[in-house]
Each structure stands twice: as structure tokens, then as C-alpha cells.
Amino acid sequence: MRIDYKLEDKFDLGLFLSFLILFCIGLAAIYSATYNNVVAAGNFHRQLYWGLASLLVFFVIYYLPTTTFRMISIPSYMISLFFLLAVLVIGRRIMGHKSWFGFGSFGFQPSEFAKIGTILCLAWFLSKKNVDIETFKDIIITLGIGLLPVGLIFLEPDMGTTFVYLGLILVMLFWKGISLFGLFIVLSPAIVALSSLFGTVYFIVALFLVIVGLVFFRKDLFFSGSILALNLGAGFFTEIVFNALGSHQQKRILTFIDPNSDPLGSGYNAIQAKVAIGSGGFFGKGFLAGNQTQLQFIPEQWTDFIYCVIGEELGFIGSIFVLILFLYMFLRIIKIASSTKDEFISLTLIGIFSVYFIHLFINVGMVIGLIPVIGIPLPFVSYGGSSLVVNVFMLGIVANVYRTRKNYT
Amino acid sequence: MRPEGFASIPRKTIIYFIVVASFGLFAFRLIQMQIIDHKSFDEKSASNSIKPLEQVPLRGVFYDRNMEVITGNSPAYTLRITPSEYDKSLSRVLETVIDADSGFIDKILYNNRYYSKYLPIRIKRGIDFKAVSWLEENSEHLHGVDFIVEMQRDYPAGIIGSHLFGYEKEISPDALEKDKNYYSPGDYVGHSGIEKTYEKELRGEKGFNYVLVDAKRKETGKFKDGKMDKPSLKGRDLVLSIDADVQRVAEDELKKFRGAAVAIEPKTGEILALVSTPEFDLNQFSYVTTKEYLSDLYTSPDKPLFNRATMSGKPAGSTFKIMAAIAALDMGVINENTIINCGGGFYFGRFFKCHGGPHGPLNVIHAIEKSCNTFFYNLIYRIGLDKWSEYAHRLGFGHKTGIDISEDSPGLVPNSKYYEKIYGPNWPRSIMASLGIGQGEVSATPIQLAQFVAIVANNGSTYTPHLVKGYLKENTKEFIPYKFGEIKTGISQRAFDIVKQGMVLVVQGAGTATGLKGDELKIAGKTGTAQNPHGKDHALFICFAPYDDPKIAIAVVVENVGFGATYAAPIAKKMVEAYLLKNKIKKGDIKKSIGINDQLFGVSQ
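Here, residues in each chain are numbered from 1, in the same order as that chain's written sequence. A letter from A marks each chain and a number from 1 marks each ligand, given out in the order of writing. Local features in this predicted model are restricted to residues whose pLDDT is 70 or higher, and side-chain atom pairs enter the listing and the counts only when it is 80 or higher, whereas totals over whole chains, interfaces and linings include all residues.

Looking now at the overall build of chain A. Here a helix means four or more residues in a row that DSSP labels H or I, a strand means two or more in a row labelled E, and each is numbered from the N terminus. Along chain A, the regular secondary structure elements total 17 helices and three strands. Three exposure classes are used, based on other C-beta atoms lying within 10 Å of a residue's own C-beta, which is placed from the backbone: buried for 20 or more, exposed for 12 or fewer, and partly exposed in between. Taken across its 409 residues, chain A has 48% of its residues classed as buried. Residues are scored as being in contact if the C-beta atoms we place from backbone atoms lie within 7 Å. In chain A, once contacts between residues fewer than 6 apart in sequence are set aside, the share between residues at least 24 apart is 69%.

Before going further, it helps to spend a moment on the overall build of chain B. A count of helices and strands for chain B gives 22 helices and 23 strands. In chain B, which comprises 605 residues, the share counted as buried stands at 44%. Considering only residue pairs separated by 6 or more positions, chain B has 72% of its internal contacts joining residues 24 or more positions apart.

This brings us to the sheet that holds strand β22 (residues 538–545) of chain B. Residue and element names in this part refer to chain B. The criterion for strand pairing is that DSSP finds at least two bridges linking the strands in question. Across the sheet, which stays open at both edges, the five strands sit in the order β12-β11-β23-β22-β21 with antiparallel pairing between neighbours. Of all strands in the sheet, those bounded by a partner on one side alone are β12 (270–277) and β21 (524–530). Neighbour to neighbour, the strand axes of the sheet diverge by 5° on average, direction disregarded. Inspection of the sheet shows β21 paired to β22 by seven bridges, in the antiparallel sense. The residue of β22 that forms the bridge with Ala524 is Phe544. The strands touched by helix α21 (residues 564–580) within the sheet are β11 (259–265), β12, β21, β22 and β23 (552–558), with β22 carrying the most contacts at an inclination of about 30°. The angle between two axes is taken between their N-to-C directions and runs from 0 to 180 degrees, where each axis is a line fitted to C-alpha atoms and a helix contributes only its stretch in contact.

All names here are of chain A. Counted at 1.5 Å a residue, the expected span for helix α8 (residues 180–197) with its 18 residues is 26 Å, and the 26 Å between its end C-alpha atoms agrees. Across the chain, bend at a residue is computed as the angle between axes fitted to the seven residues ending at that point and the seven starting from it. Largest kink in α8: about 35°, centred on Leu187, with the proline Pro189 one to four residues after it. Tucked into the core, α8 has its buried residues touching α9 (200–217) and α10 (221–244). A helix's residues, less one, multiplied by 1.5 Å, set its expected span.

Residue and element names in this part refer to chain B. Here Thr277 and Pro278 are connected by a cis peptide whose omega angle stands at 0°. The residue after Ala545, namely Pro546, is reached through a cis peptide bond having omega -15°. Position of Pro546 relative to the elements: it lies in the loop between β22 and β23. Look at Lys303: it is not a glycine, yet its phi comes out positive at around 50°. Mapped onto the secondary structure, Lys303 falls in the loop between α11 (291–299) and α12 (308–311). For Lys303, a count of 16 C-beta atoms within 10 Å corresponds to the partly exposed category.

With that settled, the discussion passes to the interface of chain A and chain B. Often, the extent of an interface is quoted as the loss of accessible area on bringing the components together. Facing the 41 residues of chain A at the interface are 35 residues of chain B. Elements with a contribution of two residues or more to the side of chain A that touches chain B: α7 (159–176), α12 (267–280), α13 (291–294), α15 (315–339) and α16 (343–367) of chain A. With ten residues, the top contributor of residues to the side of chain A that touches chain B is α15 of chain A. Along the lines of polarity and charge, the residues of the side of chain A that touches chain B split into 23 nonpolar, 15 polar and three charged. Amino acids are sorted into nonpolar (Ala, Val, Leu, Ile, Met, Phe, Trp, Tyr, Cys and Pro), charged (Asp, Glu, Lys and Arg) and polar (every other residue, Gly among them).

Residue and element names in this part refer to chain B. Values of pLDDT, the confidence the predictor places in each residue, fall between 0 and 100. Per-residue pLDDT for chain B has a mean of 85; in total, 92% of the residues score no lower than 70. Ranking the helices and strands of chain B by mean pLDDT puts helix α19 (residues 446–457) first, with 95, and helix α22 (residues 594–600) last, with 36. With a pTM of 0.58, the predicted complex shows an ipTM of 0.87.

So, on to the nonpolar core. A set of buried residues drawn from Ala, Val, Leu, Ile, Met, Phe, Trp, Tyr and Cys, joined through C-beta atoms within 7 Å, is what defines a nonpolar core. Counting residues in hydrophobic clusters, the biggest one holds 131 residues, and the most contacted among them are Ala263, Val453, Ile554 and Met575 of chain B. Here this core takes ten residues from α21 of chain B, the largest share from any one element. For this core, the domains that each give at least three residues are domain 1 (58–240) and domain 2 (244–291 + 307–580) of chain B. With sequence-adjacent residues up to four places away left out, Met575 of chain B is seen in contact with Val246, Val249, Ala250, Ala261, Ala263, Ala273 and Ile554 of chain B. By size, the runner-up hydrophobic cluster in this structure holds 106 residues, among which are Phe69, Val309 and Leu314 of chain A together with Ala7 of chain B. Throughout the structure description, domain borders are defined by an automatic or database domain assignment.

So, about the pairing of β11 of chain B. Residue and element names in this part refer to chain B. Within β11, seven of the seven residues are buried, which leaves it mostly tucked inside the rest of the structure. Side chains Gly259, Ala261, Ala263 and Glu265 of β11 all project onto a buried face; the interleaved residues Ala260, Val262 and Ile264 project onto the opposite face, where all are buried too. Sheet topology places β11 next to β12; seven bridges connect them, and they run antiparallel. By the bridge assignment for β12, Ala263 is matched with Ala273. The loop that links β11 with its antiparallel partner β12 comprises four residues; one of these, Gly269, has a positive phi angle of about 75°.

Taking 1.5 Å of rise per residue, 17 residues should cover 24 Å, and α21 of chain B covers 22 Å from first to last C-alpha, within 8% of that figure. Burial runs high along α21 of chain B: 13 of the 17 residues are buried.

Before going further, it helps to examine the environment of Lys522 of chain B. Residues and elements named next belong to chain B. As for its placement among the helices and strands, Lys522 is situated in the loop between α20 (493–508) and β21. Separated by 15 residues in the primary sequence, Lys522 and Val507 have C-alpha atoms spaced 8.4 Å apart. Once residues within four sequence positions are removed from consideration, Lys522 is found in contact with Val504, Gln508, Ala545, Pro546, Tyr547 and Asp548.

Our next topic: the packing of α16 of chain A against helix α17 (residues 385–403) of chain A. Residue and element names in this part refer to chain A. Direction vectors running N to C along α16 and α17 enclose 140°, while the axes themselves pass 10 Å from each other. Between α16 and α17, the crossing angle belongs to the class labelled oblique. Regarding α16 and α17, the two cross each other, and that crossing is left-handed. Of α17, the residues touching α16 (which contributes Ile345, Thr348, Leu349, Ile352 and Val355) are Met394, Ile397, Val398 and Val401. Residue composition of the contact of α16 with α17, grouped by class: eight nonpolar, one polar and no charged. Roughly parallel refers to an angle under 35 degrees, roughly antiparallel to one over 145, roughly perpendicular to one between 65 and 115, and oblique to any angle outside these ranges. Working rule for handedness: look at the near helix, and if it is turned counterclockwise from the far one by less than a right angle, call the crossing left-handed; if clockwise, right-handed.

All names here are of chain A. It is the contact of helix α5 (residues 110–126) with α16, at a shortest axis distance of 8 Å, that shows an interaxial angle of 145°. For α5 against α16, the interelement crossing comes out right-handed. For the pair formed by α5 and α16, the contact residues are Lys115, Ile119, Leu120, Leu122, Ala123, Trp124 and Leu126 on the first element and Phe344, Leu347, Thr348, Gly351, Ile352 and Val355 on the second. In terms of residue class, the contact of α5 with α16 is built from ten nonpolar, two polar and one charged.

Next up on the list: the confidence of the model for chain A. Residues shown with low pLDDT carry predicted positions that ought not to be read at fine detail. Summary statistics for chain A give a mean pLDDT of 83 and a share of 85% for residues scoring 70 or more. A low-confidence stretch, residues 102–106 of chain A (pLDDT under 50), is modelled with four contacts involving residues beyond four sequence positions or located in other chains.

Encoded structure:
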């Protein structure tokens, strides 16, 4: 048999190497963050085993026939919903969240796995022939598919993951081709809801902007009125949800609005994270030499605050390198997604991209103090088996699509 | 397909733009933090490896008026836990070691869950030496667990002083919220008595020692050689007006009863002794109070936590006749020559009986001597209820005394408005007869009675009764007095002269308390018996001595025993002797352990 193609034809080496390097940087950072911690001493090894396991997952997904993904889209979504329900009933409580299944010494987080099911199911629905995204009915169904797991996750409650799902729906709708007005209908309640958290003035300003938008689109009065009512409802609903949130989440939102209000309480992490990164300087303090990290000023730094370890010990060089790797991956995925003519596959890839991107945006944004502290891991880098396996699973889909891309162009 | 539809070039461009813009924003932020503002973050980070160690200041001690230490400090061990480093699986072992109930530690940690996880929380005070040595031996396995030496209250002069000194208690979450800048969880604050009122003076100022810690949180040395350390400032040492001898005697004499005794120096309002019985053991509070002890205190029918000296309002009985006499004399409705005939009682709507009578014709002096009810039944009608009430207020009744411990009851002195509210405008005037002899609705606290007799002894003026005279300046030991309000009644000297003649006859003549007659000490006083509808009467006695130059004024109330002369007067006499014949009474046999405690006092951490 004659080998008549280069490796790069079938295998996206750049994408795979980016992942591998990110994972290794993550491993090193986990090693450093747990170096002086007796309780978390085994995390480095655990992450290493998870990494090896996820490589296996990657290659299995890589070699599957690409049609498999469309086949499993509905079943995987159903199974995800089942587990999300089950975790509410029998889940093990960790740090006040009811989001883990306990299997002996390691946990399993259904909300992570549900991402795959939701992306596939949304892609399946949006790529159906008779679906017209400009009809109210289909927008509602799309929102329904996406928000059902969110509703279950929100009950747990886990705010970070909720944001990921909301963003995922939005990006996929956008990619599908929703009109500007459709986007406005979907997006405006979210913005009004967010601004209502900042106080009445912001809420009113946001509502005013919505009215300006409605005037701009010149739809009939009844339709515009309904949308305004929807926005008002979203604002007041947020108030109710805010009051129903766990006190630590409320505090985190409030400390974002004024981070210095509680420097020893929940503002503490935000301040210490910034100090860690800022004190890293250009070259960093060196591996295992960051005093912020080694003195454990931030609790459980190996999970959501892993980027601080990199920022402190590897400095600007390390931090920007991680960002560049992500940037490369994202641009790569978007390129593959736009090069295929198969709507299902294209939507799936853009869904995967959006999950990665929102994770990165929230995680890095929070540690460098641009957005509030919302617990969410950095893909491939943070410690955590469920999230690593799911992210690699999705990367496997991307690589798989790359492998068979010529069949679909 | 519309040009702007599925996966179109414009849509791809928008997503590209968002991604690149986000990365640009992050990169810009990283440059700002890690390159431009690097220096300020670096400084913050460096100071993070400096650990402040809190230095708890020594609490101020109490001296009595003769500069004897009556409340001091002694060292004790406190177990602490730093939650961020602590593994809760250790709790069960620790609870066994410190002899606490299961769940004790986790409960304390839970109560402090909103406080910083990185600062130690006090778990238990006064842990014993065995526990301390166990902690020391196993320290390497006990992450986040340590102990410190703290000072605790002791009472070297043998004075119980449960209501006087008061006790400290772990700060409540509410109080902590109010004074977050000073207190941390587990800090003790004055909760009653002088400890509470003078908390801010007594607590001093916390200090901080700054030490450098390495990556393993081990101390590696002092930060800048300790130049930045802020030493703790000792709290003010208070000088109390209490006379240890008088206080001890009063506590000793009253311990068999429920009751109260208050002694005041008439010229200054300084309280020489303040006792309320039954007392409770303050030592139980300076360590960790056991649940059983607390519930005993709360449920005991004798209400030991209740400060009877300042809180318990009771009819003043015959001691209130002095008040009426002063009012009548000052108003001029009678003078010393006014005679009222006692035929054994008084008729106003019904018959009011005089005790021990009939006394025949009496002037006010002899009416006081004999405590003739008939005379004073008549007198209040001559004075009129509202005038009577007004004089009572001027003489310190019916309102709080303003004593410098927070528990203080106003008592009650009714006037016509009071009765109009209850009975309407035609209230039965016969009610006044009982008030004339200090029974019925009128109620006074022991501290009010003591203040009253002090005013009488000092001819119409004194100062707000107080327990703390002043404090000692930290370095010079110079005495700095606190200032207290002056009380001026504006009542004529003549009125006081006349009632005092009656009061001296009560003891020295043929009066109701002749058991206190003595050559050495000329005591003037007045007995009283407060009627008690719920049981035996309460015995009262007020007095001052010496008659010519009053140095001590006393009120004694003994609950549920009977006549004032029998029970209350002897206690007052012992107190007068303890104060005025101090040098004659042999000292030394009461207090034995002073030597040791004198050494402990003033030890700094």
C-alpha cells in the first residue's frame, strides 16, 4: 500500500499539539499549586491519569465515522437530561453545589457531559430541513432545547455553567443565521437582566436602550409591546432569582460591583488573584517560586484559579503563550467549521468553539479582574477529570471532522 | 440561502472579530498588570509573605480605693484553629483532648464561616496543661491548630463581686459586626458590670508583630527586624471607689440571704460596697462556662444573675418616712414643734393601724424615732401627693440613678396622674395613707435608698453614685479621676438637721434599732419593713455614720425575713465598723494568697 498523503491531511497536528501543550502547562501548574498542600497532594497524579484516559477518548472519537455524531445527538441529549435530574436527587454536595456524582474517590459532573448532548441536539434541530430560524416557534424550540439543561443546572445551583449554556445557544443561533432582529429578541432580555443586578439606574438605562432598539426595527406596536414586556419580566425575574441564589454567589456578584467592600471575604479571591498575576511580572517568579501560589492565598488554586499560577510563576511570557495557544485553536476550529457545507457538522463545531471560548473568557476574565468571580474551569488546564474528558471528547469531534472534511465540502 | 445566512462570511468575520478583540483585551490587561503596574502588585505580594501576629493586650486591672488589686489577670492557654489549614477529621480527637462535647469544634467553625478562613479562631479558653502538652507533642500532625497564652481574670482579694465587676463573654456576632475593626471572632468583651461599662478603657489596644513566612508558612524571621511591630497597649487600670473590706464584710454577711447592700461615701457619691445575693462565681465565666453552670444560673428561683442592688424595686417601707419628713419640713407645713397625737391609728375612709402604739403626742423627731405610722399617715395629706412625689424625685427616687454599670432600674414614685390613669379623676384618696409610710405602689432600689441616705447625711447634695473613681496613667501611675455629675436638691439645711436628730435617736435613743447603739461609732439610721404580698416581709435599714461627720451611708435590703431591725441593721453595722474601724479590725486572716497574685498582676505577654 502506498502512502499518498501527508499526516497533516488527515490529522490536525497544530490543534492536537496546542491541546497537548496546554495540558502539560496545566499539569505543571497543578503540580506547583498542590506542592505545599497535603490534602491535594495527589491531584497531579490524578490529573495525569485523566490526561492519559482522555487521550484514549480523543483517538476513539477521532476514528469514529463522522455520521455517528448525528446518530447519537438525540440519545446523548436525553441521557444528559436524565443524569442532570438524577444528580439533583442523589448528588453529593461539594462546596454547597449539588453537582457531583460520587463514585468512590472521584466525582463525575453531569453538567459537563450534558454540554456534548446539548451541542449535538441543538445542531441536529437547527440543521433540520424545515426549520426556519426566523419563525417564533423555532426560536422557542431552540431556546427550549438549550435552556432545559440550564434550568436543571441552575437548580443545583452552578452559575458558571449556566453562562456557558446561554452563550452556546446564542452563538449557535447566530451561526445558523438568525437575523439582527431575532438576535435582538434573544439577547435583549439577557442584557436587561444583567443590568438589573447593578441597580435601578442601570436597569432603566437598559430598558431605554431596548425601546430605542424597538423604534429602530419599526415592527408593529403589539409585537414591540410584547418584547418590552418580556424585557421588563426578565429584569424583575432576575431580582427574584438573585434573592434565591446561594449567599456565596450573591456575595460574589456584589463584590464584583464593589470588590473592596469585603477584602477578607469574597472579594479576597479577586484581589489575591490580581496580586498573583500582577506580581509575576514579565518573566515570572519561576516554577515553584511564586509566593502567592505556594502560600496558598487562593484556596483550591489548581481548579478555577489555575491561570494565576501560570501568571505568577511564568509571568507575562507564560500567560500570553497560553492565550496564543487558545487563540490558535479557536481560529482553527472556526476555519474548519466554515469550510464544511454540512450544517449539522458546522453547527456542532461552532458549538464546541463557543463552549471553549466562553470558558476561557469567563475564567481568564475573572482572574484578571475584568468580570466577577464565577467558578468555571479553564479548558485543558484546570484540574478536573470530568471537564478534561468532555473537552477532549469535543476536540476529538473537531479532529474527526478535519479527518473527513473532504467528504463534506 | 440569504447572503447573511448560515455560516456566511459576515458572520464568520463577526466571530473572528469577537475572538480577536477578546484576546486583544486580555493581552492589553496582562500588559497593564504584569508590566506597567507590576511594581505595585509586587509590593502587595511581598507583604503577603508577612504574617501579622495579633498581640492581645493585657486587660486593665481593678484597684480598690486603698490601691489593693481586687481584679487581676492570670495566664491561661487558648486553643485556636485556622480554618483554611484545618482538616475537620481532626475534630473528634481534639474534642476528646480538650474535653468538649462531640461537634463542639465544628459548631464554632460553622458559626464563624463568614469570617476570613485565613485567620485563627479561638476554640476554647482555659484548656488544661495536659491538653497543651498533647498539642505540643503532636503539633506536626495538627495543621491549622495552635494555642496561645492569654490572660484571664482572677480575683485575688477574695471578693466575689459578681454583679459589681461583671464578666466577659465571647463577642456576639452582632457586636462583632458593629466593631469589626477592633474585634475578631472569639475575642472576649465585657458583658456586665464594670467590665461592660468600661470595656473600651479596659481592653487597651491590640498590637501586631510582623513575621516573615516561607512557602511552607513557617516563620523565618521578623519583618524588618521588628521595626514595624506595633506593641499592644495595656488597658487602663481602674481605681474603684470600692473598699475591699466593706465589700467583703457585706458579701459575707449577706451570703445566707437574698438581698442587697450598698454603701456610699456621702460627700462624693463613691460607692464603697455594692452587693447583691445570691452571687455567682465569676471564675466560671473567665474560663469556658459549662452549660450546666449557665443553665443553673438561668433557672434558679433565686435569680442569681439579677442585680438586686440596682434592679430590684421594692416598697421602701418606713425608711421613706424620712423622705416625707424632709418634704414637710422644707415646705413648712410642719416644724419641729408641730405635734400630732397618735391614738393608735388613723381614720381615712377606713382605719389605718399604728404599730406598737398608741404613741401619744409626738413631734417629727420622735415620730421618726418611734417610726409612728399615725404621724406619717397625717403628714402625707398635709404635703399633698404631687408635692410628695416631687420631693421624692428630687431626692433620687423614681428615676435611674445613673450608676456606672448598665443595669439600673428607675423604681416608681406615683403621683396623682398615675392614679388618675388607673382609677379616673376620683381616685380613692385613702391610697395616700399607705404611701405616707412607704408602702403600696412606691418602689425604690437599694442603690436609690443608699443615694438618698447619702444626700441626707451630706445635707442635700452628693454626686451621681459611681463605682470607678478614675484610672492610673500607664507610665507615670498618676491617678486621673473621672468626673461625675453633682446632685443638688436645694432643700433647706434645717429640714436635714431635724430628720437627722430623729435618725440618731432611732439608734442611740429609744428607737427601733437600738441594738446598734455604740460609744465608738455614732450611727444614725432608720429601719423599714416592706410589705410583701407574696411571702414574708422584706427587711430594710438605711443609716449613716458617724453622725457628726458622715463618712459612710448604707442601705441594706434583706428579702423575705421580717423586721428591718432584726436582719438588715446588724449587717449595716458590720459594714460601718469595717470602714470606720478598719485599723482596729485585724487584717490578714481574710486574704491569704495575696503575695502570689501580686506577682502575677502586671505580667505582660
